[in-house]
Amino acid sequence: MDSCTGEVVDFDNYTYQDYSNLEYYERASSQKRETEKEIKDMKKIVLNYLQSVMTEKEKEMFYKILQKIDEKKLDASFYLAIYEYILEREGKVVTRDYIKFLKMKGLGRHAIRQKKKLLRHVVREDPIIHYIYEYSGDKEEALRIYELLKKKGIMYGKAETRKKILLKYLSDQKLKEKLFEEERMKEIERTLLLLNIRDFDSFSFF
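The structure reproduced in this document is the subject of the present report. Predicted, not measured: the structure shown is a model, and the values here were computed from it. Within every chain, residues take consecutive numbers counted from 1 along the sequence as written. Only residues with pLDDT of 70 or above have their local features reported here, since the model is predicted, and side-chain atom pairs are shown and tallied only from 80 upward, although totals for entire chains, interfaces and linings are computed over all residues. Side-chain figures throughout are based on the complete set of non-hydrogen atoms in the structure, without hydrogens or water.

Moving on, we come to the overall build of the protein. Helix and strand labels come from DSSP, where a helix needs a run of H or I of at least four residues and a strand needs a run of E of at least two; each type is numbered from the N terminus. A count of helices and strands for the protein gives 9 helices and 0 strands. For the protein, the sequential pattern of α-helices and β-strands runs α-α-α-α-α-α-α-α-α. Only protein chains enter the accessibility calculation, which uses a 1.4 Å probe; a residue whose area is less than 20% of its type maximum is buried, one above 50% is exposed, and one in between is partly exposed. In the protein, which comprises 206 residues, the proportion classed as buried is 28%. A contact between two residues is defined here by any heavy atoms of the two lying within 4.5 Å. Across the protein, every contact between residues at least 6 apart in sequence was considered, and the portion connecting residues at least 24 apart equals 60%. The method behind every accessible area is Shrake-Rupley, applied with a 1.4 Å probe, and residues are considered shielded solely by the protein chains displayed. Accessible area of the protein: about 15,800 Å², with a carbon and sulfur share of 54%.

Once that is clear, we can look at the environment of Ala-142. Along the chain, the position of Ala-142 falls in helix H7 (residues 139-151). In this structure Ala-142 comes out as buried when scored by relative accessible area, which is 0%. Taking the C-alpha atoms as reference points, Ala-142 and Leu-170, separated by 28 residues in sequence, lie 6.9 Å from one another. Residue contacts for Ala-142: discarding those within four places in its chain leaves Ile-132, Tyr-135, Leu-166 and Leu-170.

What follows covers the nonpolar core. Where a protein is soluble and globular, its nonpolar side chains tend to be buried together. What is meant by a nonpolar core is a set of buried Ala, Val, Leu, Ile, Met, Phe, Trp, Tyr and Cys residues, joined one to another through side-chain atoms within 4.5 Å. Grouped together as the largest cluster of nonpolar side chains are 29 residues, with contacts concentrated most on Val-46, Leu-50, Phe-62 and Ile-82. Of all the elements in the fold, those that place two or more residues in this core are helix H1 (22-53), helix H2 (56-66), helix H3 (76-89), helix H4 (96-105) and helix H5 (109-123). Examining the composition of this core, we find that 10 residues originate from one element, H3, more than from any other. Ile-128, Ile-145, Ile-165 and Leu-170 belong to the second largest nonpolar core, which has 17 residues in total.

Our next topic: the packing of helix H6 (residues 127-134) against H7. What counts as an axis is a line fitted to C-alpha atoms, over the stretch in contact for a helix, and the angles between N-to-C directions run from 0 to 180 degrees. Packing of H6 against H7 brings their axes to within 9 Å, and their N-to-C directions diverge by 155 degrees. Relative to H7, H6 is oriented roughly antiparallel. Note that H6 runs across H7; the crossing there is right-handed. Listed contacts from H7 to Ile-128, Ile-129, Ile-132, Tyr-133 and Glu-134 of H6 are Lys-139, Ala-142, Leu-143 and Tyr-146. Basically, the charged four are Asp, Glu, Lys and Arg, the nonpolar ten are Ala, Val, Leu, Ile, Met, Phe, Trp, Tyr, Cys and Pro, and anything else, Gly included, counts as polar. Looking at the contact of H6 with H7 residue by residue, the class counts come to 7 nonpolar, no polar and 2 charged. The cut-offs work like this: below 35 degrees is roughly parallel, past 145 is roughly antiparallel, 65 to 115 is roughly perpendicular, and the gaps in between are oblique. Here is the rule for handedness: rotate from the far helix to the near one, and if that takes an anticlockwise turn smaller than a right angle the crossing is left-handed, while a clockwise turn gives right-handed.

Relative to the elements of secondary structure, Lys-139 occurs in helix H7. Through-space distance from the C-alpha of Lys-139 to that of Ile-129 is 9.9 Å; in sequence the pair is 10 residues apart.

If you want it as structure tokens, here you go:
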């Protein structure tokens, strides 16, 4: 560079920088920041809405599922997909107010359905558990019987086979009573064993 005129004289070593697109990049960066803010705001709006309509049990299920999902993947549609998934498990349907809320906020059903597909892969719930949630009888008893049958190794095969085994025990009072009685006897045996161990430890101490 000429020290008097300020002109570049060494053209071989001179690097030219084009600033003509600088304004475009600044505008694009600004739009990106605005979009990210809108996404965060919509997540908050949806979460606040869901908290206002969910029961305590549904909230518990919602946050339990939420912990299994990568936070980076979560958006408003994913929140809604979790909520709809919980309703399906409870045998409920979405309300008109819910549909109205989606329309007001411009939230598409297609995006929610896609997130629900991903959600099922994440949760990977036992289909028999899903059946128990829809069972018209005593759900707690059905769940207890299912857990006992699994513990005893009686549950086997595909979902349809396991469902038939469960229904067999649910419909037969004698089979149920026998299953519960065996579990009670095992519980007594475990309790006696623990008492014997405690007595032995006390004797050894003296």
